[in-house]
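So the chains spell out like this:
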Amino acid sequence: MAVRSIAEAAPPTPWSRNLAEPTIHPSAFLHSFSNIIGDVRIGANVIIAPGTSVRADEGTPFYIGENTNLQDGVVVHGLEKGRVIGDDRQEYSVWIGKNNCITHMALIHGPCYIGDDCFIGFRSTVFNARVGAGCIVMMHALIQDVEIPPGKYVPSGAIITNQQQADRLPDVQADDKEFAHHVVGINQALRAGYLCAADSKCIRAIRDELNNSYTSIEVDVLERSDEVSSNSLGAETVEQVRYLLQQGYHIGTEHVDQRRFRTGSWTSCKPIEARSLGEAIAALEACLRDHSGEYVRLFGIDPKGKRRVLENIIQRPDGVVQASSSFKAPAYSSNNGSYNGNGSSRLSSETIDQIRQLLAGGYKIGTEHVDERRFRTGSWQSCKPIESSSPGDVVAALEDCMDNHQGEYVRLIGIDPKAKRRVLESIIQRPNGPVSTPSSQSTATTTSYAASGTTATATSSKLSSEAIEQLQQLLAGGFKISAEHVDGRRFRTGSWASCGQIQANSIREAIAALEGYMNEYQGEYVRLIGIDPKVKRRVLELIVQRP
């Protein structure tokens, strides 16, 4: 247990002169940059991260249950007056149950009770309140002077200060529970890792193992990709492996079944110690055979920076081997989800490529529609939910939505199920028909918009109508706009570089700035970025130029 000068007795005060000290279970990990003061009772397998302050010097005592994690910057304090009844029927200033995630910069101020299996999001505040078991509180929320019933979901930015608001909160969904459980698992792995790092015997064994594996690998001359064949891997994956080895990266593989795929609980395959491209391909094929019916992904490792430079799913449970995102995606049949040479008659190849990338990344896909009148106000409505992870089924669902809402706008949505946020919004149909041309087209496009009661016409010789519409929506929504570029070699590792922020007061200025970047970085990928300045997150990534 890494406890040095961070655990201190409470100072003598008029209301407490007993100089109480923390009680810490031997299996807990307390980082040396955290501070624990006074009568704080810390259970088994707790992890307390750097910058955390748990100060039982005014309100006291505190209880922190087993398997709970307090992440960086969390503050736990209590008022002199006011107590809650813990699960052991004793009085506490702060009670935090077991299996809880108190995430970065959250404030827990007593008198306060937090039940088991709760998630408290970034910078959220809980004061003079009771939060029932199994609740999910998202980011920047305030909970004060209320009792939250068990199993309730508090959205980001919510202010819950009266009981009527608390009683109207929605229930936690299954995906929310899985996410909270996943975070607990991640932090337990971190706890074990930190304890090992503080143990000279444990860390020495790992370093010896790494040295033995790394020093034995030498790649002198690599076969060309066209000299190596594979029955189960696509040419794109073979080329990707060759590139990684050529750059001096190590290669690894991981697998996971369908149930654990949602929680990201990947397991490593046998280490790949390949001296040639052929040996590496053989090792990949062995992992695919051993774990047929599961997800398998390839990743590259930078041995100097000890970081991953690539993650690419190369097999899904249906046996489909995915192509790298840096290569042109194959077409899909909208009938059965299998590959064929005909593709979709309604969707562009770029849209199908986006679908493939979203599914390969574990994202969910949805669709929305809106008529021309409501398009200006952004009042989109959802189409029928898409539950399938098969590319063919998704294409069929998209085409079904387009058929049901002919003469309207239809857009494709990519959703990160863990972070509960959108990663993609792409219009695939306009009132005059489907979007059939990819956004990298070079034909001239003219689009008319109504804004603030006037009509403006924007013309571009380089941008598609879809890209112009996205620009217009970003400007109308008050989002920030920027662009990024990357050459063909670095595109495979996702090493995008910023072109700079676009300062534009009109659609014409935004188009001109974006075209300027496209001219400056000819022969490279260029993508448009939309950023929500309030929550500091991206709302759009759209490639507008390809080499």
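Residues numbered from 1 in each chain as written. Predicted model: local features only at pLDDT ≥ 70, side-chain atom pairs only at ≥ 80, totals over all residues. Heavy atoms only, no water.

Section: a nonpolar patch on the surface
- A cluster of nonpolar residues, Ile186, Leu190 and Tyr194, forms a patch on the protein surface that exposes about 250 Å² of accessible area.
- When its relative accessible area of 40% is taken as the criterion, Leu190 is described as partly exposed. (Patch = residues over 30% accessible without salt bridge, like charges linked within 9 Å, V, L, I, M, F, W, Y side chains within 5 Å. Areas by Shrake-Rupley, 256 points an atom, 1.4 Å probe, with all protein chains shown as cover. Salt bridge = Lys/Arg side-chain N within 4 Å of Asp/Glu carboxyl O. Buried < 20%, exposed > 50% of the residue type's maximum accessible area, 1.4 Å probe, protein only.)

Points about the sheet that holds strand E6 (residues 47–48)
- If you trace the seven strands from one edge of the open sheet to the other, you get E3-E6-E9-E14-E16-E18-E21, paired in parallel fashion. One side of each edge strand has no neighbouring strand; the edge strands of this open sheet are strand E3 (29–30) and strand E21 (153–154).
- Of the strand pairs in this sheet, strand E16 (residues 119–120) and strand E18 (residues 136–137) are connected by two bridges, and their pairing is parallel. Bridging across to E18, Ile120 finds its partner in Val137. (Pairing = 2+ DSSP bridges. Helix = DSSP H or I, 4+ residues; strand = E, 2+ residues; numbered from the N terminus.)

Quick look at the confidence of the model for the chain
- Residues with a pLDDT of 70 or more make up 82% of the chain, whose mean pLDDT is 79.
- Note on residues 1–5: pLDDT is under 50 here. Beyond four places in sequence and across chains, it has 11 contacts.
- Confidence over residues 322–342 falls short of pLDDT 50; this stretch has 58 contacts with residues more than four positions distant or in other chains. (pLDDT = per-residue confidence, 0-100. Contact = heavy atoms within 4.5 Å.)

What about the environment of Ala56?
- Positionally, Ala56 belongs in strand E7 (residues 53–56).
- Relative accessible area serves as the criterion here: at 2%, Ala56 is assigned to the buried category.
- Measuring from C-alpha to C-alpha, the distance between Ala56 and Ala9 comes to 9.3 Å, with 47 residues separating the pair along the chain.
- Beyond its immediate chain neighbours, meaning those up to four positions away, Ala56 contacts Ala10, Ile37, Gly38, Asp39, Val40 and Phe62.

So, the packing of aromatic side chains
- One pass over the full model with this rule turns up five aromatic pairs.
- Taking 3.9 Å as the distance between ring centres and 10° as the angle between the ring planes, the aromatic pair formed by Tyr63 and Trp95 counts as stacked. Here the residue Tyr63 occupies a position in strand E8 (residues 62–64), and Trp95 occupies one in strand E13 (residues 94–96), the gap between them amounting to 32 residues.
- With relative accessibility at 4%, the residue Trp95 sits in the buried group.
- Relative to Phe179, the ring of Phe119 has its centre 5.4 Å away and its plane inclined at 55°; by these criteria the two rings are tilted. Taken together, the positions of Phe119 in strand E16 and Phe179 in helix H2 (residues 174–197) put the pair 60 residues apart, joining distant regions of the chain.
- Owing to a relative accessible area of 4%, Phe119 belongs among the buried residues under this scheme. (Phe/Tyr/Trp six-rings, centres within 6.5 Å; stacked < 30°, edge-to-face > 60°.)

Looking at the nonpolar core
- Grouped together as the largest cluster of nonpolar side chains are 38 residues, with contacts concentrated most on Ile42, Val76, Ile102, Ile108, Ile143 and Ile148.
- Secondary-structure elements contributing two or more residues to this core are strand E5 (40–42), E7, E8, E13, strand E15 (107–114) and strand E17 (125–131).
- In terms of nonpolar packing, the next biggest core, distinct from the first, is built from 23 residues, Leu463, Ala483, Cys499 and Ile511 among them. (Core = buried A, V, L, I, M, F, W, Y, C linked by side-chain atoms within 4.5 Å.)

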